[in-house]
Amino acid sequence: IMSKNDLFDEDLTGSGTVSYESNNSTVSLNTTTASGDKVIRQSKRVMTYQPGKSLLNLNTFVMNTQEENLVQKVGMFDANNGIFFEDTGTGYRFVRRTYVTGSPVDTYANQGSWNGDNLDGTGASGYDLSFDKATIMFMDFEWLGMGAVRCGFVVDGKFITAHSFYNANDLSTVYMQTANLPIRYEIETTGTIGGAAVLQQVCSTTMIEGGYAPGGLRQSIGTASLGGVNLTTA
């Protein structure tokens, strides 16, 4: 790929920019040192969830070195719903966002309280991850309204669960409005920082484990001729 593709929308605030790095096959989300810069890249397509099947999302990235007043987010989410990994500028956390009250509400799981492997060298794996290095993150959605979400990272070919959001028999309603969500990368300066920052967006994929079996209303029909059909009216 020699340029950015058209699969993502971009929203730029302040002096935020987006650039394609051909040597690295990477899209860079860039900020200056000024407060108020923000870059969002969100997939135009939402990833389709099917009840009873795991929705597995993988994102690869390289975050800017952690710095106060610099916030970075990667995951499957939008302004109202979703799950994402966040560098707050002073720590790391997974976030569950829900719109069930009519406004977005975030629930945080900070690295020190992850219920899986903290990946800070103290967990069962012994890994101490640096998120300013090439990182593979996974999220495994069981929606069903009340299902679990496993979040973690792939290291040396191993899927290591860092934190799981358990929702069954715990909440009074669904844990988020929908699991049909876009992929999203985001970087923002919430105050002045020491130098220009960059979040490297590399690759993403989402798959329905067990295969996709489309259902619902039929929206298309085959034609006898591969040449197509000319419609007489709009």
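Residues numbered from 1 in each chain as written. Predicted model: local features only at pLDDT ≥ 70, side-chain atom pairs only at ≥ 80, totals over all residues. Heavy atoms only, no water.

**Q** It is not clear to me how the overall build of the protein chain should be interpreted in this structure. Could you clarify?
**A** Broken down by element type, the protein chain carries zero helices and 14 strands. Ordered by position from the N terminus, the helices and strands of the protein chain form the series β-β-β-β-β-β-β-β-β-β-β-β-β-β. By its C-alpha atoms, the protein chain is 65 × 45 × 40 Å across when sized along the principal axes. Counting only residues that meet the buried cut, the protein chain has 44% of its 234 residues in that class. Accessible surface computed for the protein chain: about 12200 Å², of which carbon and sulfur atoms make up 50%. Computed over 15 positive and 23 negative side-chain charges, the separation of the two mean positions in the protein chain equals 8 Å. (Helix = DSSP H or I, 4+ residues; strand = E, 2+ residues; numbered from the N terminus. Buried < 20%, exposed > 50% of the residue type's maximum accessible area, 1.4 Å probe, protein only. Areas by Shrake-Rupley, 256 points an atom, 1.4 Å probe, with all protein chains shown as cover. Lys, Arg positive; Asp, Glu negative; His and termini not counted. Charge placed at Lys NZ, Arg CZ, Asp CG, Glu CD.)

**Q** How should I be thinking about the sheet that holds strand 6 (residues 70–77) in this particular structure?
**A** Strand pairs in the sheet, formed through backbone hydrogen bonds, run parallel or antiparallel to each other. Taken together, seven strands build an open sheet; the order of strands is 1-4-13-6-7-8-9 and the sheet is antiparallel. Looking at strand neighbours, the two that pair on one side only are strand 1 (8–13) and strand 9 (105–110), the edges of this open sheet. Ignoring strand direction, the axes of neighbouring strands in this sheet form an average angle of 15°. Here strand 8 (residues 92–98) runs beside strand 9; their pairing, made up of six bridges, is antiparallel. Its bridge partner being in strand 9, Val-95 is matched across the sheet by Tyr-108. (Pairing = 2+ DSSP bridges. Axes fitted to C-alpha atoms, helices over the stretch in contact; angles between N-to-C directions.)

**Q** Please clarify how the environment of Gln-72 should be interpreted in this entry.
**A** When you line up the elements, Gln-72 lands in strand 6. Judged by its relative accessible area of 0%, Gln-72 is buried. A polar contact is formed between the side chain of Gln-72 and the backbone nitrogen of Asn-64, at a distance of 2.7 Å. (Polar contact = N/O pair within 3.5 Å; in protein donor to acceptor, adjacent residues only side chain to side chain.)

**Q** What exactly am I supposed to notice about the sheet that holds strand 10 (residues 135–141) here?
**A** Reading across from one edge, 2-3-14-5-10-11-12 is the order of the seven strands in this open sheet, with antiparallel pairing throughout. Each edge of the open sheet is held by one strand with a lone partner, namely strand 2 (17–21) and strand 12 (158–165). Shown here is a sheet whose adjacent strand axes are inclined to one another by a mean of 30°, direction ignored. For strand 11 (residues 149–155) and strand 12, the ladder comprises seven bridges, and the chain directions are antiparallel. Its bridge partner lying in strand 12, Val-149 is registered against Phe-165.

**Q** Quick question: what am I supposed to make of the pattern of salt bridges here?
**A** Pairs may arise between side chains of opposite charge once their charged atoms sit close together. Counting across every chain of the model gives eight salt bridges. In this structure, the salt-bridge partner of Lys-38 is Glu-186, at a minimum N-O distance of 3.7 Å. Of this pair, Lys-38 sits in strand 4 (residues 38–43) while Glu-186 sits in strand 13 (residues 183–189); the two residues are 148 residues apart in sequence, bridging distant segments of the chain. Assessed through its relative accessible area of 22%, Lys-38 is described here as partly exposed. (Salt bridge = Lys/Arg side-chain N within 4 Å of Asp/Glu carboxyl O.)

**Q** Got a minute to help me understand the packing of aromatic side chains in this structure?
**A** Where two aromatic rings form a pair, the distance of their centres and the angle of their planes describe that pair. Applying the stated rule across the entire model yields 12 aromatic pairs. Centre to centre, the rings of Phe-85 and Phe-153 are 5.3 Å apart; their planes meet at 80°, and the pair counts as edge-to-face. Of this pair, Phe-85 sits in strand 7 (residues 82–87) while Phe-153 sits in strand 11, and the two are 68 residues apart along the sequence. Phe-153 gets classed as buried once you look at its relative accessible area, which sits at 0%. Pairwise contacts between aromatic rings join Phe-61, Phe-85, Tyr-92, Phe-94, Trp-114, Phe-131 and Phe-153 into one cluster. Lying across the ring of Tyr-108, Arg-93 places its NZ or CZ 3.7 Å from the centre. (Phe/Tyr/Trp six-rings, centres within 6.5 Å; stacked < 30°, edge-to-face > 60°. Lys NZ or Arg CZ within 6 Å of the ring centre and 35° of its normal.)

**Q** Looking at this model, I keep getting lost on the nonpolar core. Mind explaining?
**A** Among soluble globular proteins, nonpolar side chains are generally buried collectively. Grouped together as the largest cluster of nonpolar side chains are 46 residues, with contacts concentrated most on Phe-61, Phe-85, Phe-94, Phe-141 and Phe-153. Element by element, the count of residues in this core is highest for strand 11, at four residues. Ignoring any residue separated from it by four or fewer positions in sequence, one finds Phe-85 in contact with Phe-61, Met-63, Gln-72, Lys-73, Val-74, Tyr-92, Arg-93, Phe-94, Trp-114, Phe-131, Met-137 and Phe-153. (Core = buried A, V, L, I, M, F, W, Y, C linked by side-chain atoms within 4.5 Å. Contact = heavy atoms within 4.5 Å.)

**Q** How do you make sense of the layout of surface pockets when you look at a structure like this?
**A** Where empty space is left becomes clear once a probe the size of a water molecule has been rolled over the atoms. One number sums up the size of the largest pocket: a volume of about 620 Å³. Elements represented by at least two residues in the lining of the largest pocket include exactly strand 3 (26–31), strand 4, strand 13 and strand 14 (197–208). Sort the elements by how many residues they give to the lining of the largest pocket and strand 14 lands first, with seven residues. Among the residues making up the lining of the largest pocket, the classes are represented as 14 nonpolar, nine polar and three charged. (1 Å grid on protein atoms, 1.4 Å probe; cavity = no way out; pocket = protein on both sides within 12 Å on 5 of 7 lines; lining within 4 Å. Points joined across faces, edges and corners; volume = space filled by probe spheres on them. Nonpolar A, V, L, I, M, F, W, Y, C, P; charged D, E, K, R; others polar.)

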